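The primary structure of each chain is shown beneath.
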Amino acid sequence: MAELLEAFMLICFGLSWPINAYKSYQARTAVGTSWQFMSLITLGYIAGIAAKLLSDTISWVLVVYIINVICLGFNWAIYARNRSLDAASQRPLPLDPTAA
């Protein structure tokens, strides 16, 4: 029963990551995204995986942890992309020498 509840908790958290990734991808900006929050969540998942491995309680729940980490990885990639887009939008546009 404990494994089912743990998996349910992970699935509830895990469903939010694809939704967040889609919204962040569509927004095309990192404004409002907290890298500190994502870092804490990433560390939490790593700690959960480590706990499973160290306590020798490897089960199917570990797969749910790994799926969540992969989804979170997509969020990190989109965050990096959006930061790059934000930085590019702050640069002055090059002058067109043929426009004058």
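For the structure, see preceding data.
Residues numbered from 1 in each chain as written. Predicted model: local features only at pLDDT ≥ 70, side-chain atom pairs only at ≥ 80, totals over all residues. Heavy atoms only, no water.

The next subject is empty space enclosed by the protein. In this approach the atoms are scanned with a rolling probe the size of a water molecule, which exposes any empty space left behind. Taken as a whole and assessed by the stated rule, the structure comprises one cavity of 30 Å³ or more. The space that makes up the largest cavity amounts to roughly 50 Å³. Taken together, N20, S24, T29, A30, T33, M38, N75, I78, Y79 and N82 make up the full set of residues lining the largest cavity. For the lining of the largest cavity, the elements supplying multiple residues, two or more each, are α1 (2-27) and α3 (61-90). For the lining of the largest cavity, the element with the highest residue contribution is α3, accounting for four residues. Of the residues that constitute the lining of the largest cavity, the class distribution is four nonpolar, six polar and no charged. (1 Å grid on protein atoms, 1.4 Å probe; cavity = no way out; pocket = protein on both sides within 12 Å on 5 of 7 lines; lining within 4 Å. Points joined across faces, edges and corners; volume = space filled by probe spheres on them. Helix = DSSP H or I, 4+ residues; strand = E, 2+ residues; numbered from the N terminus. Nonpolar A, V, L, I, M, F, W, Y, C, P; charged D, E, K, R; others polar.)

Packing of helix α2 (residues 35-54) against α3 leaves a shortest axis separation of 10 Å and a crossing angle of 155 degrees. As judged from the angle between their axes, α2 and α3 are roughly antiparallel. Of the two possible hands of crossing, α2 and α3 adopt the one that is left-handed. Of the residues in α3, those in contact with W35, M38, S39, I41, T42, Y45, G48, I49, K52 and L53 of α2 are V61, L62, Y65, I66, N68, V69, L72, N75, W76 and Y79. The class makeup of the residues in the contact of α2 with α3 is 14 nonpolar, five polar and one charged. (Axes fitted to C-alpha atoms, helices over the stretch in contact; angles between N-to-C directions. Parallel < 35°, antiparallel > 145°, perpendicular 65-115°, else oblique. Left-handed = near helix turned anticlockwise from the far one by under 90°. Contact = heavy atoms within 4.5 Å.)

So, about α2. When the terminal C-alpha atoms of α2 are compared, their 28 Å separation across 20 residues agrees well with the 28 Å that a helix rising 1.5 Å per residue should span. Of the surrounding elements, those touching the buried residues of α2 are α1 and α3. In the segment just after α2, D56 is the residue with positive phi, at about 60 degrees. (Expected span 1.5 Å × (residues − 1).)

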